Amino acid sequence: MSKNSTKYCLRLVVILMFIIAIEGCAAPGAPMLRKNIDDGYGPLLPNCQNVSPSTEVTAYETAFYHSTWSSAWIEGAQVGLRSGLGVDNEQRKFVRFKKEFAYAILLQVFGIDGRNYPFPPFCMKYNAPFGEVADAINNIMPFLENPVIRGKEEYGIFGTNFYNREHISAKWRDRYIITLRETTSNQTVVTVFRELYISRGKEAFARAESDGYNEAWILMKVAAETK
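Residues numbered from 1 in each chain as written. Predicted model: local features only at pLDDT ≥ 70, side-chain atom pairs only at ≥ 80, totals over all residues. Heavy atoms only, no water.

## Digging into the nonpolar core
Operational definition: Nine residue types can take part in a nonpolar core, namely buried Ala, Val, Leu, Ile, Met, Phe, Trp, Tyr and Cys, and a core is a set of them joined through side-chain atoms within 4.5 Å. To sort residues, take the accessible area from a 1.4 Å probe on protein chains only and compare it with the maximum for the residue type: under 20% means buried, over 50% means exposed, and anything in between is partly exposed. A run of H or I in DSSP becomes a helix once it reaches four residues, and a run of E becomes a strand once it reaches two; helices and strands are each numbered from the N terminus. Only heavy atoms enter the contact rule, under which two residues are in contact if any of them lie within 4.5 Å.
Grouped together as the largest cluster of nonpolar side chains are 28 residues, with contacts concentrated most on Tyr126, Val133, Ile137, Ile178, Leu180, Val190 and Leu219. At the level of secondary structure, the elements contributing two or more residues to this core comprise strand S2 (122-126), helix H4 (130-140), strand S6 (170-182), strand S7 (188-200) and helix H5 (213-225). For this core, the element with the most residues is H5, which contributes eight residues. The residues touching Ile178, leaving out its near neighbours within four places in the chain, are Ile137, Met141, Gly156, Ile157, Phe158, Val190, Thr191, Val192 and Ile218. Formed by six residues, the second largest nonpolar core is a distinct cluster that contains Tyr65, Trp172, Ile198 and Ala208.

## Some remarks on H5
Inclusion rule: In a helix, the anticipated span is given by 1.5 Å times the number of residues less one.
When the terminal C-alpha atoms of H5 are compared, their 19 Å separation across 13 residues agrees well with the 18 Å that a helix rising 1.5 Å per residue should span. Of all 13 residues in H5, 10 are buried; the element is thus mostly enclosed. The set of residues buried in H5 consists of Tyr213, Asn214, Glu215, Ala216, Trp217, Ile218, Leu219, Met220, Val222 and Ala223.

## Re the pattern of salt bridges
Put simply, the test is: Salt-bridge detection follows one rule: a side-chain nitrogen of Lys or Arg within 4 Å of a carboxyl oxygen of Asp or Glu.
All chains considered together, the criterion is met by six salt bridges. Between Arg34 and Asp39 there is a salt bridge, and its shortest N-O distance comes to 2.6 Å. What makes Arg34 buried here is its relative accessible area of 10%. The closest approach of N and O atoms between Asp174 and Arg194, which form a salt bridge, is 3.0 Å. Here Asp174 is found in strand S6, whereas its partner Arg194 is found in strand S7, with 20 residues between them in sequence.

## Thoughts on the environment of Met124
Mapping Met124 onto the fold places it in strand S2. Overall, Met124 belongs to the buried group, its relative accessible area being 6%. A C-alpha to C-alpha distance of 7.8 Å links Met124 and Ser52, two positions 72 residues apart in sequence. The residues contacting Met124, other than those within four sequence positions of it, are Leu45, Val51, Ser52, Pro53, Thr188, Val189, Val190, Leu219 and Met220.

## So, the confidence of the model for the chain
This is how the line gets drawn: pLDDT is a per-residue confidence score from the predictor, ranging from 0 to 100.
Residue-level pLDDT values for the chain average 76, and 66% of them are 70 or greater. In the predicted structure, residues 12-26 sits below a pLDDT of 50 and forms 14 contacts with residues beyond four places in sequence or in another chain. With pLDDT under 50 throughout, residues 109-115 is counted as low confidence; its partners more than four residues away or in other chains account for 13 contacts.

## Details of the packing of aromatic side chains
Formally: Note on ring pairs: Phe, Tyr and Trp rings are taken, using the six-membered ring of Trp, and paired if centres are within 6.5 Å. Classes follow the plane angle, with under 30 degrees stacked, over 60 edge-to-face and the rest tilted.
Within the structure shown, the criterion is met by five aromatic pairs. Between Tyr60 and Tyr176 the ring centres are 6.4 Å apart and the planes differ by 50 degrees, which places this aromatic pair in the tilted class. Placement of the pair is Tyr60 in the loop between strand S1 (49-50) and helix H2 (71-84) and Tyr176 in strand S6, with a sequence separation of 116 residues. Of the residues examined, Tyr176 reaches a relative accessible area of 0% and is grouped as buried. Ring centres of Tyr60 and Trp217 lie 5.3 Å apart, and the angle between their planes is 45 degrees; on these two criteria the pair is classed as tilted. With Tyr60 in the loop between S1 and H2 and Trp217 in helix H5, this residue pair connects regions lying 157 residues apart in the sequence.

The following block contains the structure:
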């Protein structure tokens, strides 16, 4: 490794340490999250960000990319690393997720083979059976505007393809992966993961961390439809 590359990697380490320090900061659109069982809503669900039923989300939002405060640093580290290693951005064109889901790929995304989400998904538990919650999600999917992927609902898996959006300062691409799991008490757990990529200025698309605003909207919409 050259001297310049070594210096660049050291700068990346500093950036990543800063990311770890600030990642607890919530973005303006972030939903209210449950931190303990003292809020009266029962046990916390593991391995996800528990959205509080007290959260107020008025509308599904597509005019803004809704990433976390720390996400810009995460994106910058990715773009900087590509630049520091001399990688041609043309080789980084976003082509990986253009195909519809295959079930084997879904299993990997959902961590069944040990692979994890890059960021914790958002989740909520409902006092409703699997079928009722699945019907509610089917009704909600068209509101997301992203192309809906069909055919996996029987496994408790719902998803969309990526959809491109932009405003004056950035472009972004996102998709949704929604999973259902019925508990032994005839309740249903729903997790929502929004996979987000942002391009700021003329930079290549980089993975970003969603702040949970739209994920919370989906979860609260399910709650309203299963009362």
